[in-house]
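Listed below are the residues making up each chain.
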Amino acid sequence: MAANIRMQAERARQPRMAAKVRRILSTLEELYGTPRPGGAESVLDCLIRCILSQNTTDLTSSRAWLSLKGRYRDWPSAAVAPAESIEEAIREGGLARSKSRRIKAILQQLGRRKVKYSLEFLRRKSDEDAFRYLTGMDGVGPKTAAVVLLFALGRDILPVDTHIDRLCRRLGLAGEAATAEDVFEIMKPLVPPGAAHRLHLNMIRFAKERCRKRKPLCGECPLARQCLYVTVRAGA
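Residues numbered from 1 in each chain as written. Predicted model: local features only at pLDDT ≥ 70, side-chain atom pairs only at ≥ 80, totals over all residues. Heavy atoms only, no water.

A.B. asks: Looking at this structure, I do not really get the overall build of the protein chain. What am I missing?
C.D. replies: Along the backbone of the protein chain there are twelve helices and zero strands. A compact globule built from 236 residues should have a C-alpha radius of gyration of about 18 Å, and the protein chain, at 19 Å, falls within 12% of that. Once the C-alpha set of the protein chain is aligned to its principal axes, its extents read approximately 60 × 40 × 35 Å. Among the 236 residues that make up the protein chain, the fraction classed as buried is 46%. Look at the contacts in the protein chain between residues 6 or more apart in sequence, and 63% of them connect residues 24 or more apart. Carbon together with sulfur atoms contributes 52% to the accessible area of the protein chain, which is approximately 12800 Å² in total. Of the side-chain charges in the protein chain, 43 are positive and 25 negative, and the distance between the mean point of each set is 1 Å. (Helix = DSSP H or I, 4+ residues; strand = E, 2+ residues; numbered from the N terminus. Rg over C-alpha atoms; globule rule 2.2 N^0.38 Å. Buried < 20%, exposed > 50% of the residue type's maximum accessible area, 1.4 Å probe, protein only. Contact = heavy atoms within 4.5 Å. Areas by Shrake-Rupley, 256 points an atom, 1.4 Å probe, with all protein chains shown as cover. Lys, Arg positive; Asp, Glu negative; His and termini not counted. Charge placed at Lys NZ, Arg CZ, Asp CG, Glu CD.)

Take a look at the structure:
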């Protein structure tokens, strides 16, 4: 009963929240412009890059990626290498032990497929089926799967990382009790069609530069009128 009431309340606020997201999208594009899609990348490369990026900075994950690709000439070579060798290659990226075992498990799983060491078959699947397949792999959560869908498969889906999660809560798009997975589901119907890529990149940039976790620049924020966090701080 309580779950149904919450669901009905969420549906009732969707038009208002969708309009708010459109205003946020417009404001961020005035601030940063419209990001363009990057270069083509294989689905498997994108997935492993995402795993390396977990809980670290862009710089260190990039170094770990270059080190990994420099050590192995291809993914079959990495698949038969000891996990300790992969761990050594990606050590600079942080959490190397757990990440190396995730990468090893994914490569071994793909090595058992008829078309080995490739995830290109996901291009033929629906968003839901591709998402389900990815999250069924060891160490691949909803955020990582959504990033692969957006950047490798070109799907119109908004991944929710720590930066976007923080923005959504501060802007009142999601409640404080919501999990990151809840925020991901809440945002699905709110993002204008075709806008997920540019909204994702601009929100992350804004969160890193202005709406930081600590000492956010609220005094010069172009989203202040949309923000609950500013209101709470002003009343403190």
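A.B. asks: How do you make sense of empty space enclosed by the protein when you look at a structure like this?
C.D. replies: Over the atoms rolls a probe the size of a water molecule, and in doing so it shows where empty space is left. Under the defined criterion, the tally for this structure stands at one cavity of 30 Å³ or more. A volume near 90 Å³ is recorded for the largest cavity. Contributing to the lining of the largest cavity are 13 residues, with F206, C211, C218, C221 and C227 lying nearest its centre. When grouped by side-chain class, the residues that make up the lining of the largest cavity number twelve nonpolar, no polar and one charged. (1 Å grid on protein atoms, 1.4 Å probe; cavity = no way out; pocket = protein on both sides within 12 Å on 5 of 7 lines; lining within 4 Å. Points joined across faces, edges and corners; volume = space filled by probe spheres on them. Nonpolar A, V, L, I, M, F, W, Y, C, P; charged D, E, K, R; others polar.)

A.B. asks: Can you walk me through the packing of helix α9 (residues 162–170) against helix α10 (residues 180–187) in this structure?
C.D. replies: Helix-helix packing is characterised by the crossing angle of the two axes and by the distance between the axes. One way to put it is that α9 packs onto α10 with a least axis distance of 10 Å and a crossing angle of 70 degrees. Relative to α10, the element α9 is oriented roughly perpendicular. Considering only the axes of α9 and α10, their crossing is left-handed. For the pair α9 and α10, the contacting residues are D165, C168 and R169 in the first and A180, V183 and M187 in the second. Looking at side-chain class alone, the contact of α9 with α10 contains four nonpolar, no polar and two charged residues. (Axes fitted to C-alpha atoms, helices over the stretch in contact; angles between N-to-C directions. Parallel < 35°, antiparallel > 145°, perpendicular 65-115°, else oblique. Left-handed = near helix turned anticlockwise from the far one by under 90°.)

A.B. asks: Help me understand the environment of G94 in this model?
C.D. replies: Summarising the element assignment, G94 is placed in the loop between α5 (83–89) and α6 (96–111). The exposure class of G94 is partly exposed, given its relative accessible area of 27%.

A.B. asks: How should the nonpolar core be read in this particular structure?
C.D. replies: The nonpolar side chains of a soluble globular protein tend to be buried with one another. Residues L47, I48, L68, L119, L134 and M187 are the most contacted members of the largest nonpolar core, which totals 76 residues. Beyond its immediate chain neighbours, meaning those up to four positions away, L119 contacts V43, L44, L47, L110, Y133, L134 and M137. (Core = buried A, V, L, I, M, F, W, Y, C linked by side-chain atoms within 4.5 Å.)

A.B. asks: Explain the side chain of Q226 to me, please; I cannot follow it from the model alone.
C.D. replies: You can see Q226 is positioned in the loop between α11 (196–209) and α12 (228–235). Polar contacts involving the side chain of Q226 include one to the side chain of R23, which spans 3.4 Å. With near-sequence residues (within four places) excluded, Q226 lies in contact with K20, R23, I24 and L171. (Polar contact = N/O pair within 3.5 Å; in protein donor to acceptor, adjacent residues only side chain to side chain.)

A.B. asks: What is the right way to look at α6 in this model?
C.D. replies: Every α-helix winds through 3.6 residues per turn, so residues three or four apart in the chain are directed the same way. Over its 16 residues, α6 extends 22 Å from the first C-alpha to the last, a length consistent with the 22 Å expected when each residue adds 1.5 Å. For α6, the set of buried residues is A96, K99, S100, I103, K104, I106, L107, L110 and G111. Projection of α6 onto a plane perpendicular to its axis shows the buried side chains occupying an angular sector of 165 degrees, all on one side. Tucked into the core, α6 has its buried residues touching α2 (43–53), α3 (58–71), α4 (75–80), α5 and α7 (127–135). (Expected span 1.5 Å × (residues − 1). Arc of directions from axis to C-beta.)

A.B. asks: Where do I start with the confidence of the model for the protein chain in this structure?
C.D. replies: Parts of the model with low pLDDT should not have their predicted coordinates read in detail. With 92% of its residues at a pLDDT of at least 70, the protein chain reaches an overall mean of 91. Mean pLDDT across the elements of the protein chain ranges from a minimum in α12, with 64, to a maximum in α7, with 97. (pLDDT = per-residue confidence, 0-100.)

A.B. asks: Can you help me understand unusual backbone geometry in this one?
C.D. replies: Glycine aside, residues mostly have negative phi, and peptide bonds are mostly found in the trans state. The backbone phi angle of N55 is positive, close to 55 degrees, even though this residue is not glycine. Positionally, N55 belongs in the loop between α2 and α3. Judged by its relative accessible area of 71%, N55 falls in the exposed class. You will see that K215, though not glycine, has its phi angle at about 55 degrees, which is positive. Tracing the backbone through its elements, the reader meets K215 in the loop between α11 and α12.

A.B. asks: What's the story with the environment of R123 in this structure? I'm lost.
C.D. replies: Relative to the helices and strands, R123 resides in the loop between α6 and α7. By relative accessible area, R123 is classed as partly exposed at 37%. The contacts of R123, once residues within four sequence positions are left out, are E41, S42, V43, A152, L153 and R155.

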